[in-house]
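If you want the building blocks of each chain, they are given just below.
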Amino acid sequence: DKVSLRASIQDANIPLQESGYSQRLDEFDQVFIELFSDSWNIRAGDIDLVNIKSYFANFTKRVQGLLVNANISDKTTVFASGALVRGQFTTTQFTAQEGNQGPYKLTGPNNELFVLVVSGSETVYVNGVPLERGENRDYIIDYNAGEIIFNSTFPITSEMRITVDYQFSERNYSRFTVFGGANYNTEKLSLNVSIYSENRILYRREFIGAEEIFVFSNNPEDELFSVRFSRVGPNLGNYILSNTNAITNIYEYVAPIAGIPQGDYEPLVQLVAPERLQIAVLNGMYKPTEKTAVFFELAGSKNDVNLFSGLDDNDNDGFAGKFTINQKLIKSDSLWNLSALIDTDFIQKNFRTIQRLYRAEFNRDWNLDNTQNNQGNLNFGNQLLLTSGLQLSHSKKGTASYNFEYLDFSQNFNGSRHNVTANLRLGNFNVFTNSSFLNSESTINQSQFFRSFNRLVYGKKTKWAGAKLAIEDNEQVVIATDSLTPLSQKFRAYEAFIGIGDSTRVFAEVGYIK
């Protein structure tokens, strides 16, 4: 068996990351050695673990460890990896400030103010639309400071909902990940099984109890202590930041007034409990005919949020399932094609995913409470999501689709949603629409939410003209008082524009917005 060696050994030993001003990122440290043949390969060093074959365990992680792949036969492959994780996935959501391009600070899952973002791991959404990184694109990011600045070519308004998915360097614990599985493929059947496990490994830390009072001193005759302070929030601590001009920050004790703390800091280090997440997945696809495809996935998770304690371990285990049927009703290579979809998601309330499962705007699309989320996923009880729809497509003229969705949480929510989308090229006209209507009810609120974004463009050679219409009408009513909630809102926006030039390179466009 012919064996080849491939290696990249270039380590500048620099503990910083790139600042994120370019679209293409090359890490300072790219160190790996790989042995491979026609039927197997072994790679040690820097690895990108990617799992896109699973619905519930979809993830991307940059790790340092060992990855082994082997072809057992023409139909079967196996893989296994063990590695230290460079970053932990989290989500930051905030509403932009009018005219403020940044910087906007990213915070950790435990409200850490200073996070080191793993370079290239972020995805920035504005109103659910992903942006592009780069000085000539939408935003730039300082990975070391955890700050995002939006470029002047992307004006920021107070109506923008910003969501940032990213991985940050976990300094409280080392994280060890094990990921392995197997794939089996034939002409009609495809099966995949995988197991994922991630652990935080505790190391010893010492801190001084909060009952003592500490005062800054540089007198060598004093008994001096090295104290670390943490920001706990306004009026939740007894210390304030009094001086930032020294080599390090100096904190000053301020006595409480009427029992209310007057500071933002405390001489403590927040203890983050070690945790473990394990996920096992079995999925497959069966194609009984050329026009029919059936997909299924079963997943189980074990999430222990505190390895120190056995309390409340009865909610560690969860499971989820997905079943999808795609049926091509009309199939033609040169004419219109029509297909039907039936899709079912069931997620038990204790099931946990590795990263975000649904789209960034999923919670707002359904008028769900964002305060109860887990990596962008809500926890209102057992979840059932049913989707059915039709899609009309043409290789040259575009697509149009209608979907009906029904979402039910066993404890306090159910709703139905109609979606119509189209992106059609009809002669010199381009027609785009994305519209939806929601009717939902929870134990607290009732809501109706209509949204529609429409664009019509007429273009010929290097000239074009068009119009846009955006409508939102969100009416949320408190059942107990029959009054509107503060989230209720309504608006219409109109836009007309004309342009000339090459829209992919140099062009000019003027318009009117109301």
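Residues numbered from 1 in each chain as written. Predicted model: local features only at pLDDT ≥ 70, side-chain atom pairs only at ≥ 80, totals over all residues. Heavy atoms only, no water.

1. Details of the sheet that holds strand β9 (residues 129–130)
So, point 1. Taken in spatial order, the four strands line up as β6-β12-β8-β9 in an open sheet, and their pairing is antiparallel. Of all strands in the sheet, those with a lone pairing partner are β6 (88–95) and β9, marking the two edges.
So, point 2. For β6 and strand β12 (residues 161–168), the ladder comprises eight bridges, and the chain directions are antiparallel. The residue bridging Thr90 from the neighbouring strand is Tyr166, located in β12. (Pairing = 2+ DSSP bridges. Helix = DSSP H or I, 4+ residues; strand = E, 2+ residues; numbered from the N terminus.)

2. Some thoughts on the side chain of Ser54
So, point 1. Structurally, Ser54 is set in the loop between β3 (40–51) and β4 (59–71).
So, point 2. At a separation of 2.9 Å, a polar atom in the side chain of Ser54 contacts the main-chain amide nitrogen of Ala57.
So, point 3. For Ser54, the side chain forms a polar contact with the side chain of Glu297, separated by 2.7 Å.
So, point 4. Residues in contact with Ser54, not counting those within four places in the same chain, are Val281, Asn283 and Glu297. (Polar contact = N/O pair within 3.5 Å; in protein donor to acceptor, adjacent residues only side chain to side chain. Contact = heavy atoms within 4.5 Å.)

3. A few points about the pattern of salt bridges
So, point 1. This model, assessed by the stated rule, comprises 15 salt bridges.
So, point 2. For Lys331, the salt bridge goes to Glu290, with nearest N and O atoms at 3.0 Å. With Lys331 in the loop between β21 (317–330) and β22 (337–347) and Glu290 in the loop between β19 (276–289) and β20 (292–304), this residue pair connects regions lying 41 residues apart in the sequence.
So, point 3. Here Asp343 and Lys322 are joined by a salt bridge, their closest N and O atoms 2.7 Å apart. Linking Asp343 in strand β22 with Lys322 in strand β21, this pair joins segments that are 21 residues apart in sequence.
So, point 4. Salt bridges here are not isolated pairs; linked through shared partners, they connect Arg359, Arg364, Asp365, Glu405, Arg417, Arg451 and Glu472. (Salt bridge = Lys/Arg side-chain N within 4 Å of Asp/Glu carboxyl O.)

4. Section: the confidence of the model for the chain
So, point 1. Mean pLDDT over the chain: 81, with 82% of residues reaching 70 or higher.
So, point 2. In the model, residues 11–28 has pLDDT below 50 throughout and makes 47 contacts with residues more than four positions away in sequence or in other chains.
So, point 3. Within the model, the stretch residues 201–209 combines pLDDT values under 50 with 18 contacts to residues more than four positions away or in other chains. (pLDDT = per-residue confidence, 0-100.)

5. As for the environment of Asn183
So, point 1. As for its position among the elements, Asn183 is in strand β13 (residues 174–185).
So, point 2. Judged by its relative accessible area of 10%, Asn183 falls in the buried class.
So, point 3. Taking the C-alpha atoms as reference, Asn183 lies 8.8 Å from Ser194; in sequence the two are eleven residues apart.
So, point 4. If near-sequence neighbours (up to four positions away) are discounted, Asn183 is found in contact with Lys53, Lys75, Thr76, Thr77, Phe79, Leu191 and Asn192. (Buried < 20%, exposed > 50% of the residue type's maximum accessible area, 1.4 Å probe, protein only.)

6. Section: unusual backbone geometry
So, point 1. Between Gly102 and Pro103 the backbone carries a cis peptide bond, its omega angle lying at 10°.
So, point 2. Examined against the element boundaries, Pro103 turns out to sit in the loop between β6 and β7 (104–105).
So, point 3. The backbone of Asn127 shows a phi angle near 55°, a positive value even though the residue is not glycine.
So, point 4. Within the secondary structure, Asn127 is located in the loop between β8 (123–126) and β9.
So, point 5. The phi angle at Lys461 is positive, at roughly 60°, despite the residue not being glycine.
So, point 6. Along the polypeptide, Lys461 turns up in the loop between β29 (445–460) and β30 (463–478).

7. Observations concerning the packing of aromatic side chains
So, point 1. What the rule picks out here adds up to 16 aromatic pairs.
So, point 2. An angle of 80° between the planes, with centres 5.1 Å apart, marks the rings of Phe59 and Phe179 as edge-to-face. In this pair, Phe59 sits in strand β4 while Phe179 sits in strand β13, placing the two residues 120 residues apart along the sequence.
So, point 3. A relative accessible area of 1% places Phe59 in the buried class.
So, point 4. With relative accessibility at 5%, the residue Phe179 sits in the buried group.
So, point 5. Of note, Arg6 hangs over the ring of Phe36, and the distance from its end group to the ring centre comes to 4.4 Å.
So, point 6. The ring of Phe32 carries Arg43 above its face, with NZ or CZ at 3.7 Å from the centroid. (Phe/Tyr/Trp six-rings, centres within 6.5 Å; stacked < 30°, edge-to-face > 60°. Lys NZ or Arg CZ within 6 Å of the ring centre and 35° of its normal.)

8. Structural notes on the environment of Ser435
So, point 1. Of note, Ser435 is situated in strand β28 (residues 429–442).
So, point 2. You can call Ser435 buried: its relative accessible area is 15%.
So, point 3. Sequence separation between Ser435 and Ala422 is 13 residues; the distance between their C-alpha atoms is 9.2 Å.
So, point 4. In contact with Ser435, not counting residues within four places along its chain, are His418, Asn419, Val420, Arg451, Ser452, Phe453 and Asn454.
So, point 5. Polar side-chain contacts of Ser435 include one of 3.3 Å to the side chain of Thr433.

9. Details of a nonpolar patch on the surface
So, point 1. Judged by side-chain polarity, Val3, Leu5, Ile33, Leu35, Ile42, Leu66 and Val68 come together as a nonpolar surface patch covering roughly 550 Å² of accessible area.
So, point 2. Taken together, the elements giving at least two residues each to the nonpolar patch come down to β2 (29–36) and β4.
So, point 3. Following the sequence through the fold, Leu35 ends up in strand β2.
So, point 4. Overall, the relative accessible area of 36% leaves Leu35 in the partly exposed class. (Patch = residues over 30% accessible without salt bridge, like charges linked within 9 Å, V, L, I, M, F, W, Y side chains within 5 Å. Areas by Shrake-Rupley, 256 points an atom, 1.4 Å probe, with all protein chains shown as cover.)

10. Observations regarding the pairing of β8
So, point 1. Two strands pair when backbone bridges link them, and β8 and β12 are joined in this way by four bridges, in the antiparallel orientation. Of the residues in β12, the one forming a bridge with Val126 is Ile162.
So, point 2. By the bridge criterion, two bridges tie β8 to β9 in an arrangement that is antiparallel. Counted as the bridge partner of Tyr125 is Pro130 from β9.
So, point 3. The hairpin formed by β8 and β9 contains two residues between the paired strands, and Asn127 there has a positive phi angle of roughly 55°.

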